[in-house]
Amino acid sequence: MASADQLKALLRSHLEGDDDQFYSVAMQVAAHEARSGHGKLAEELRNLIDEAKRRRGADSVVPISRPSGELAELLEASYPKARLVNMVLSDALSDQIKRVIREQRQASRIVEHGLAPRRKLLLTGPPGTGKTMSGFVLAGELGLPLFQVRLDGLITKYMGETAAKLRQVFDATSRTRGVYFFDEFDAIGSQRGLTNDVGEIRRVLNSFLQMIEQDHSHSLVVAATNHPGILDSALFRRFDDILHYELPDKMQISILLQTHLAGSVAENTEWERLADLATGLSYAEITRAANEALKDALIHNRTQIQENNIHAMLYERKHIAEKLTQKP
């Protein structure tokens, strides 16, 4: 028989119209019956679930859930259309993201065999290397809403209030399936003892550790940080996978520029030469330079973008980046 928690989860997901979670919990019930020796019942349940999925149709749209009440101050909801093909990544990193997407799409089968799909992810690396974009891509590929956790609403100066707000976020992961994205995660997960307010930071971090450990929802919990070195060591084993992002190499820079400027540049453009200049810039900075070159061409009514125009925009971004990294 289904457990009390499974029955409650079935009813909750039905009331909220969360079909994906409903089917996932139903498959867990079927798997439990199969393990209990009730093979015929398990098969009937699986057939009913498959029939329900067919009736829903592959092209049905999942309605986005809008946070209300106090959650509206903690979560910013969107329904991204981003796809992995739009990102320029290393093969290893692309494979990691594809694996997460495949496991989520096959979650019912994985759960049926007593296993769990990857859904708790830690993204690390320099700014502008694609961490936030990956959150949009995961939501877009899986057809899920993206809930970005608003740190300005989450972190307060009052003792115990941040942990209470954090609990609301984790409660939401069970009620509404989605991608819950914690950006600048080091604000929550920094090593205990690094700040003056040691007691409160320790309480918040301990609360997060406990909540993510106890989270058995069907949502994805994604945390991103530019400073993995200051994260508490206890955090790393709480995540199913750690994805590390790097600045683009010359080949990736060339592909990124050509992707953004395709059909708008002169035929004699030397992409290798531009990639040499852009080495050390992030994906975000290179994309900004490409967009600046496009805008400049539009403003001056040029039908083509010359290499020297792209060179000038990349040089400008590099000069800004160098100024920002100089010590006072």
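Visitor: Got a minute to help me understand the packing of aromatic side chains in this structure?
Guide: Any pair of aromatic rings gets described here by the distance separating the centres and the angle formed by the planes. According to the stated counting rule, one finds 7 aromatic pairs in the structure shown. On the numbers, 5.6 Å between centres and 70° between planes, the contact of F170 with F208 is edge-to-face. Remark: F208 occurs in helix α10 (residues 198-214) and F170 occurs in helix α8 (residues 161-175); sequence separation between them is 38 residues. Across the pair, F208 and F170 agree in class, each one buried. Between F185 and F239, the aromatic rings sit 6.1 Å apart at their centres with planes inclined by 90°, giving edge-to-face as the arrangement. Residue F185 is located in the loop between β4 (179-182) and α9 (186-189), and its partner F239 is located in the loop between α11 (233-236) and β6 (241-244); the two are separated by 54 residues in the primary sequence. A relative accessible area of 1% means that F185 is categorised as buried. Above the plane of the ring of Y79 lies K81, whose end atom (NZ or CZ) is 5.0 Å from the centre.

Visitor: Is there a simple way to explain unusual backbone geometry in this structure?
Guide: Negative phi is the rule for most residues except glycine; trans is the rule for most peptide bonds. At E184, a residue that is not glycine, the phi angle is positive and equals roughly 50°. Note on placement: E184 falls in the loop between β4 and α9. In this model, N301 sits at a positive phi of 55°, which is unusual for a non-glycine residue. Relative to the elements of secondary structure, N301 occurs in the loop between α14 (283-299) and α15 (307-325).

Rules of the game
Residues numbered from 1 in each chain as written. Predicted model: local features only at pLDDT ≥ 70, side-chain atom pairs only at ≥ 80, totals over all residues. Heavy atoms only, no water. Phe/Tyr/Trp six-rings, centres within 6.5 Å; stacked < 30°, edge-to-face > 60°. Helix = DSSP H or I, 4+ residues; strand = E, 2+ residues; numbered from the N terminus. Buried < 20%, exposed > 50% of the residue type's maximum accessible area, 1.4 Å probe, protein only. Lys NZ or Arg CZ within 6 Å of the ring centre and 35° of its normal.

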